[in-house]
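# Architecture at a glance
One-letter residues, chain by chain:
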Amino acid sequence: DVQFHEFEAPPEPKQAVPLMVKPASEYDAGLSAWFRPLISKGAFVAGGCFKQFLTNATPRDVDIWFATQEDFFSMCDRLDDNSKYVRSYSTDRSVGYKHTVHDITLDLVRMRFGTPSEILTSFDFTVCQMAYYLNDAGEPTIAYHPRFSSDLQNKLLYMDEVSERFITPDAVFNRMIKYVKDYGYTPTHELKIWMFTTLASMKCSPSVSPVNSLNTY
């Protein structure tokens, strides 16, 4: 007789927490003055620059992400023709353009392309999960993690489980150390548990070195 064995169903894929989405004007009027000139269809700002801007610090670099590679090259062409910016570096991860007057660098990221939602869910800490972009109607819009505001206010480092597939434990460890030392943040209990259990399962010890993650927001 043929015997059939029961197998456990594979676990359901982890789902990202639904992002908060609202018109940019409803969040902070200052956002549009800063970021509206930098975006277009297919090009949007996302990452840690909002952490600085919303805590009354001037961002020194702004990460611009893209829906497609064509959008990336289009932005490079625009900035190459703009006398206010000069190309300052080029790596596999990104191309940088420094403003000729203000102390700010635009970091045009090309290591990953996608929608604002897809890019945000690939970030590690919730305090980096905010994006400023144009919606389908061409209106300035922001999207952010539901914990973004509270974690920013309380200086907490929290990471969603869905982000785990995009990052490596040693990279998160180095970024965690940087946020603790340079910005005064505190890792949440959940982040500490994830860090220690993951590193233990890998049977390796992280080295406290300069941040080596591609996800440097």
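The written sequence of each chain sets the order in which its residues are numbered from 1. Reporting of local features is limited, given that this is a predicted model, to residues whose pLDDT is at least 70; pairs of side-chain atoms are given and counted only at 80 or more, and all residues count toward the totals for whole chains, interfaces and linings. Each side-chain value is worked out from all heavy atoms of the structure, with water and hydrogens disregarded.

Here we take up the sheet that holds strand β4 (residues 85-90). The strand order across the open sheet built from eight strands is β1-β8-β7-β2-β3-β6-β5-β4, with neighbouring strands paired in mixed fashion. Strands at the two margins of the open sheet, each flanked by one partner only, are β1 (20-23) and β4. Averaged over all neighbouring strand pairs, the angle between strand axes comes to 25°, with direction disregarded. When DSSP finds two or more bridges between a pair of strands, those strands are recorded as paired. Put simply, DSSP marks the helices as runs of H or I at least four residues long and the strands as runs of E at least two long, and each gets a number from the N terminus on. Where β4 lies against strand β5 (residues 94-99), five bridges are found, and the strand directions are antiparallel. The residue of β5 that forms the bridge with Tyr85 is His99. Most of the contacts of helix α4 (residues 69-80) go to strand β6 (residues 105-109), to which it runs at about 155°, and overall it touches β2 (43-46), β3 (61-66), β4, β5 and β6. An axis is simply a line fitted to the C-alpha atoms; with a helix, the fit covers only the stretch in contact. Between two such axes, the angle follows the N-to-C directions and lies from 0 to 180 degrees. Residue contacts are defined here by distance: any two heavy atoms, one from each residue, within 4.5 Å place the two residues in contact.

Opposite charge on two side chains permits pairing when their charged atoms draw close. The salt bridge criterion pairs a side-chain nitrogen of Lys or Arg with a carboxyl oxygen of Asp or Glu, the two atoms within 4 Å. Under the criterion given, the structure shown has eight salt bridges. For Asp63, the salt bridge identified is with Arg93, shortest N-O distance 3.7 Å. With Asp63 in strand β3 and Arg93 in the loop between β4 and β5, the pair connects residues that are 30 residues apart, well separated along the chain. Accessible area is worked out with a 1.4 Å probe on protein chains only. A residue is then buried under 20% of its type maximum, exposed over 50%, and partly exposed in between. The exposure class assigned to Arg93 is buried, which follows from its relative accessible area of 10%. Note that Lys98 and Asp103 form a salt bridge whose closest N and O atoms lie 3.0 Å from each other. On the basis of relative accessible area, Lys98 is assigned to the partly exposed category, the value being 31%. With a relative accessible area of 42%, Asp103 lands in the partly exposed category.

So, on to the nonpolar core. By nonpolar core is meant a set of buried Ala, Val, Leu, Ile, Met, Phe, Trp, Tyr and Cys residues that side-chain atoms within 4.5 Å join together. Grouped together as the largest cluster of nonpolar side chains are 56 residues, with contacts concentrated most on Phe35, Val45, Ile64 and Leu108. Of all the elements, strand β7 (residues 130-134) adds the most residues to this core, at five residues. Excluding residues within four positions of it along the chain, Ile64 makes contact with Leu38, Ala43, Phe44, Val45, Met75, Leu106, Asp107, Leu108 and Val109.

Along the chain, pLDDT gives the predictor's confidence residue by residue, from 0 to 100. With 82% of its residues at a pLDDT of 70 or more, the protein has an overall mean of 84. Contacts of residues 1-13 to residues separated by more than four positions or lying in other chains number zero contacts, the stretch itself having pLDDT below 50. Overall, residues 205-214 carries pLDDT values under 50, and its contacts beyond four positions in sequence, including any with other chains, amount to 20 contacts.

Now for unusual backbone geometry. Residues other than glycine seldom take positive phi values, yet Asn56 does so here, at roughly 65°. Here Lys155, not a glycine, exhibits a phi torsion of approximately 55°, which is positive. Here Lys155 lies in the loop between α6 (148-154) and β9 (156-157).

Before going further, it helps to examine the packing of aromatic side chains. Any two of the Phe, Tyr and Trp rings considered here, Trp counted by its six-membered ring, make a pair once their centres fall within 6.5 Å; the pair's planes then place it as stacked at under 30 degrees, edge-to-face at over 60, or tilted in between. Overall, the coordinates contain twelve aromatic pairs when judged by the stated rule. Ring plane angle 75° and centroid distance 5.1 Å describe the contact between Tyr179 and Tyr183, whose orientation is recorded as edge-to-face. One end of the pair is Tyr179 and the other is Tyr183, both in helix α7 (residues 169-183) and four residues apart, which spans about a single turn. Residue Tyr179 is classed as buried on the basis of its relative accessible area of 2%. Residue classification places Tyr183 among the partly exposed positions, given a relative accessible area of 28%. Here the aromatic residues Trp34, Phe35, Phe50, Phe53 and Tyr132 are joined through ring pairs into a cluster of three or more. Positioned above the aromatic ring of Tyr183 is the side chain of Lys51, whose terminal nitrogen or guanidinium carbon lies 4.0 Å from the ring centre. Positioned above the aromatic ring of Tyr158 is the side chain of Arg147, whose terminal nitrogen or guanidinium carbon lies 3.8 Å from the ring centre. Definition used: whenever NZ (Lys) or CZ (Arg) falls within 6 Å of the ring centre and also within 35 degrees of the ring normal, the charge is taken to sit over that ring.

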